[in-house]
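If you want the building blocks of each chain, they are given just below.
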Amino acid sequence: MMLLPPPPPPPLTIILILLLAISTIASSAQPYHALVSPITKDSSTSLYSITLGPKDGGYVIDLSSPFSWRRCDPHDTILPCGSQQCVAAGRYQPHPKSCPHQSRVQIGGKNDSRSGHQFCLCAVTESNPVTKSCASSELAVHNVVIPSTDGHVPKANITVNGVPFACAPESLFHALPSGSSGMASLSPSSLSLPSLFKKAIGATAVNKQFAICLPSSSSSPGVSFFGNGPFYLLPPPGIDVTQLLAFTPLLKNPVMKHNLDYYIDVRSICINGEAASFLRRMLEFDSLGHGGVKLSTVVPYTTLRSHVYRPFLALFARLTRGIPRAKKVKPFDLCLNTSALGSTRVGLPVPWIDLVLGNGKNWTIVGANSMKQVSNDVACLAFVNGGERAEQAVVVGSYQMENNFLSFDLVGQKLGFSSSLLFRQTTCSNFNFTSSS
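Residues numbered from 1 in each chain as written. Predicted model: local features only at pLDDT ≥ 70, side-chain atom pairs only at ≥ 80, totals over all residues. Heavy atoms only, no water.

## A closer look at the environment of Gly57
Under the convention used in this document: Secondary structure counts use DSSP, requiring at least four H or I residues in a row for a helix and at least two E residues in a row for a strand, with both numbered from the N terminus. Should any heavy atoms of two residues lie within 4.5 Å, those residues are considered in contact.
By the secondary structure assignment, Gly57 is in the loop between strand S2 (48-50) and strand S3 (59-62). For Gly57 and Ser178, which are 121 residues apart along the polypeptide, the C-alpha to C-alpha distance reads 8.4 Å. Beyond its immediate stretch of four places on either side in the chain, Gly57 contacts Gly179, Ser180 and Ser181.

## As for the nonpolar core
Heads up, the rule is: To form a nonpolar core, buried Ala, Val, Leu, Ile, Met, Phe, Trp, Tyr and Cys residues must be joined to one another through side-chain atoms within 4.5 Å. Each residue's exposure class comes from its accessible area (1.4 Å probe, protein chains only) as a fraction of the maximum for that residue type: buried when under 20%, exposed when over 50%, partly exposed otherwise.
One finds Leu295, Trp363 and Phe408 to be the most contacted residues of the largest nonpolar core, which totals 67 residues. For this core, the leading source of residues is helix H4 (residues 306-319), giving six residues. In this structure Phe408 touches Leu63, Lys208, Gln209, Phe210, Ile212, Leu250, Tyr262, Leu295, Lys414 and Leu415, once residues within four positions along its chain are discounted.

## Considerations on the environment of Thr434
The test is simple: A 3.5 Å cut-off defines polar contacts: any pair of N or O atoms within that distance qualifies, except that in protein one atom must be a possible hydrogen donor and the other a possible acceptor, and neighbouring residues in sequence count only when both atoms are side-chain atoms.
Locating Thr434 in the fold gives a position in the segment after strand S31 (414-420). With relative accessibility at 75%, the residue Thr434 sits in the exposed group. A sequence separation of 280 residues divides Thr434 from Pro154, and the C-alpha atoms of the two residues are 8.4 Å apart. At 2.7 Å, the side chain of Thr434 forms a polar contact with the side chain of Asn432.

## Notes on the sheet that holds strand S24 (residues 353-357)
For the record, the criterion: A pair of strands is treated as paired once DSSP finds two or more bridges between them. Angles shown run from 0 to 180 degrees and are taken between the N-to-C directions of axes, each axis being a line fitted to C-alpha atoms and, for helices, limited to the stretch in contact.
A sheet is described by the order of its strands in space; here four strands give the open sequence S19-S18-S24-S25, paired in antiparallel fashion. The open sheet has two free edges, formed respectively by strand S19 (274-275) and strand S25 (362-365), since each of these has just one partner strand. Pairing between strand S18 (residues 266-271) and S19: two bridges, direction antiparallel. Pairing of Cys270 across the sheet is with Ala275, part of S19. Where H4 meets the sheet, its contacts fall on S18, S19 and S24, and the angle it forms with S18 comes to roughly 25 degrees.

## Considerations on the sheet that holds strand S23 (residues 335-337)
The strand order across the open sheet built from four strands is S22-S23-S27-S26, with neighbouring strands paired in antiparallel fashion. Strands with a single pairing partner mark the edges of an open sheet, and in this sheet they are strand S22 (325-326) and strand S26 (371-375). Bridge count between S23 and strand S27 (residues 378-381): three bridges; the pairing is antiparallel. When the sheet's bridge partners are listed, Asn337 is paired in S27 with Val378.

## What about the pattern of salt bridges?
Put simply, the rule is: The term salt bridge refers to a side-chain nitrogen of Lys or Arg lying within 4 Å of a carboxyl oxygen of Asp or Glu.
Evaluated as defined, the whole model comprises ten salt bridges. Here Glu284 makes a salt bridge to Arg280, at a shortest N to O gap of 3.6 Å. By sharing partners, the salt bridges in this structure join Arg70, Asp73 and Asp76 into a single network.

## Details of the state of the cysteines
Selection rule: Count a disulfide wherever a pair of cysteine sulfur atoms falls within 2.5 Å.
By the definition in use, this model includes five disulfides. Paired by a disulfide, Cys335 and Cys380 hold their sulfur atoms 2.0 Å apart. The S-S bond linking Cys335 to Cys380 shows a torsion near 100 degrees; that makes this disulfide right-handed. Of this pair, Cys335 sits in strand S23 while Cys380 sits in strand S27, placing them 45 residues apart in sequence. Accessibility expressed as a relative area gives 1% for Cys335, which makes it buried. What connects to what in the protein, once the bonded cysteines are numbered by sequence position, is 1-6, 2-4, 3-5, 7-10, 8-9.

Right, here's the structure in full:
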């Protein structure tokens, strides 16, 4: 048998072309690891909205709602009462508790005017977390469009099909920004946007997590991310803010099992290193599930139950006694004349406030987040008295979150927080939305 000589090796150029083709195919097959959306601040309501489509008016972000809601249109499909999403919606107690709990099954069915068919529709109760009003309607699905990102800039738009939204009546839009499209749920619910976007990303290496960075101005947007970092803020070459984070556990309400609020373990509140004089148990949950320290993007200023607020206010007043007082401006109880006070990179030069956490970390609140400038020469302590019967001991409000990067890991049950980004000479408005590829 005659053996043929081996074929000559392929030319180097062919090898390089093949390697380049393989590399290109592998690159295009790589899944994206995060989605990104700007966060805009409405100056009239101090509410923050994300964009979920090229023509929408923005969805107000809420950390507690079990599902999102919007103005439905004829293209939205109402879900039947036996659907998986409807069953999931039925697990959550409406918030506030005064809202009726709507059964997902409507006896005898209900006519769907959009399709003309007779079948059992998914009935839900949604609420406006600002006004505490609620309404009964149906759960539908809607497609949303949101850009992917490499952490530096937005990339290709991604269409997420079949996102559940409750169909909200006009009465529920009271107190929302003008032109708002509805409410976006960022809660740990299986129907929230972080949960649904995780499924849309699909990559097993991507965690179910999201991050928000609230802007301090209505003229420049902040940023929200869904998925894994790194995430970069300008100035160039960019700061990976995920490397700046300290972490603390996210707590669940130990009594209200279906409560979706995010809580953190605050042990004390210090001002310039001195603890406000109240008992630690005042921050803890009681036997009814009341108490705790909750995070909220719809409460504008951090609100403290009276037993915590009074010693906190007294300590801040004592430590700022050298600064002239100004007339109080509602809803604040302590206002300062700032005409001769000057300013620093992190706001007015007033004592820093620390939320002292159970794992030894401190969330530091500087002048830019503790003092609200109400006129050219007057700034007020931006913490308010929630009264003796406030449901939570403390609600950390959105003003205290501005220019703080907050990362919510829903699997690891932990919160990553940066404290003020002004320390790093950047802000939440420094994500590069102007460039994409």
